[in-house]
Every structure is written in C-alpha cells, then in structure tokens.
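# Coordinate analysis (summary)
Residues per chain, in single letters:
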Amino acid sequence: MKRTLFFLIFAAILLIPCGVAYAYDEVNATENSMTIEPADPTQVPHINVFGNVIGGVEAGDLFQIDVSGTIVDTPFTLYITNVDELVHSYRYMNLNVGVYVQTDIDQWEKMTAIAGEPLPDIYITMQNGMVSFTLPGNAKYKITIDKGCFHSYSITPGESVAIPSFYLTTS
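Residues numbered from 1 in each chain as written. Predicted model: local features only at pLDDT ≥ 70, side-chain atom pairs only at ≥ 80, totals over all residues. Heavy atoms only, no water.

### Thoughts on the overall build of the protein chain
- The secondary structure content of the protein chain amounts to two helices and 13 strands.
- Within the protein chain, the proportion of its 171 residues that are buried is 33%.
- As presented, the protein chain carries roughly 10,900 Å² of accessible surface, and 58% of it is formed by carbon and sulfur atoms. (Helix = DSSP H or I, 4+ residues; strand = E, 2+ residues; numbered from the N terminus. Buried < 20%, exposed > 50% of the residue type's maximum accessible area, 1.4 Å probe, protein only. Areas by Shrake-Rupley, 256 points an atom, 1.4 Å probe, with all protein chains shown as cover.)

Below, the structure written as structure tokens:
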C-alpha cells in the first residue's frame, strides 16, 4: 500500500511540469494563424481535351494562402490527387506552378526569389504527383497554374476525360 501511494505521488510530481510546458506550447501555436482557401471556380485553369492530341493548359488560380498572422516560413506541398485517373486519359501532363504574393488589394506579383535566393520554376507532373515549396510569413499568396501541356489518348464518343484535381497542405 505504501509503495503504491509513494509511486502515485512520485508520478504526479514528475508529470506536473509536463502539463505546464504543454500549455505553453498551445499558447504559442495560436499565434501562428494561417488559412488556405481554394480559388474561385471561375478562375481555375482550363483544359480543352480532344482525342489523341497535344494541347495546352490555360492559366488559372488553385489556392489562396494567408500567412499574414505568422512570422515563420511555412512549408507547403501541392498534390495532384487523381493521378490514377489521369494516366488513363493522358500520355503526359506537365503543369508550371506559379507563386504570387499580394502587393496591394487585388494586386499580385509573381515571386522570383525567396530570402534572396532565386525561386526555380516549379513543375508538377503525373510522374512526380507533388511539389513542395516554402513561403515566408507576413504575406498573402496565391498558387496558380501558369501554363502547361499534355498529350491525350484517343477518346471514344461518350468517354469521360479526367481533369487534374489538386490538394494543398502544410508540411
């Protein structure tokens, strides 16, 4: 009985500091606010697919990101979520991902550098299925498809053609 009581008291003494540290961590986490919203459906990229043709992708917006509530750099990963469907409709698909920063209300500027380092062209394809990038805090961004190309397989009348779907997450 004494051993059990001693063990419980000892365990309680050891666990009390952990609860304080955990509460402190939660307070810091609320200071790092961020939102990710899908683009307006009228602004998304457009693909006009014909049977067995090489074609282009019209530019459009995918997501808007608001990290103005945080000062830290945030890593993001953009996924094509339906690659398994796309491989049945296309021989290849290459999409150039653009990152734009808001400079004024309804004014966007393409990012060419982050922290003084040139931002390389970002391509998402059916082969890689995802791309990762890091954005500085204290800004609003939009992720776009600036251009792209594809080669579709033959399409029989009545057959549906897959269009890429995207998902954006923080890493």
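The discussion continues.
### Quick word on the pairing of strand 6 (residues 90-104)
- Here strand 6 pairs with strand 12 (residues 140-152) via 11 bridges, running antiparallel. In the sheet register, asparagine 94 faces strand 12, and the bridge partner there is cysteine 149.
- Two elements, strand 6 and strand 7 (residues 107-110), share four bridges in a ladder whose sense is antiparallel. Bridge pairing links valine 101 to glutamate 109 in strand 7.
- Between strand 6 and the antiparallel strand that follows it, strand 7, lie two residues; aspartate 106 among them carries a positive phi value of about 60°. (Pairing = 2+ DSSP bridges.)

### What about the side chain of threonine 125?
- Along the chain, the position of threonine 125 falls in strand 10 (residues 122-125).
- When its relative accessible area of 12% is taken as the criterion, threonine 125 is described as buried.
- Only 3.1 Å separates the side chain of threonine 125 from the backbone nitrogen of glutamine 127, close enough to count as a polar contact. (Polar contact = N/O pair within 3.5 Å; in protein donor to acceptor, adjacent residues only side chain to side chain.)

### Side note on the nonpolar core
- Judged by nonpolar contacts, the single largest core of 34 residues is most densely connected at Leu78, Phe133, Leu135, Tyr141, Ile143 and Phe166.
- Contributions of two or more residues to this core are made by strand 4 (60-69), strand 5 (74-80), helix 2 (83-86), strand 6, strand 10, strand 11 (130-135), strand 12 and strand 13 (166-170).
- Non-local contacts of tyrosine 141, meaning those with residues more than four positions away in its chain, are made with Phe63, Gln64, Ile65, Val67, Val99, Tyr100, Val101, Trp108, Met111, Leu135 and Pro136. (Core = buried A, V, L, I, M, F, W, Y, C linked by side-chain atoms within 4.5 Å. Contact = heavy atoms within 4.5 Å.)

### Describing unusual backbone geometry
- Although it is not a glycine, asparagine 52 sits at a positive phi angle of roughly 50°.
- Within the fold, asparagine 52 resides in the loop between strand 2 (46-47) and strand 3 (54-58).
- For asparagine 52, a relative accessible area of 41% puts it in the partly exposed group.
- In this model, aspartate 106 sits at a positive phi of 60°, which is unusual for a non-glycine residue.
- With respect to the element layout, aspartate 106 can be found in the loop between strand 6 and strand 7.

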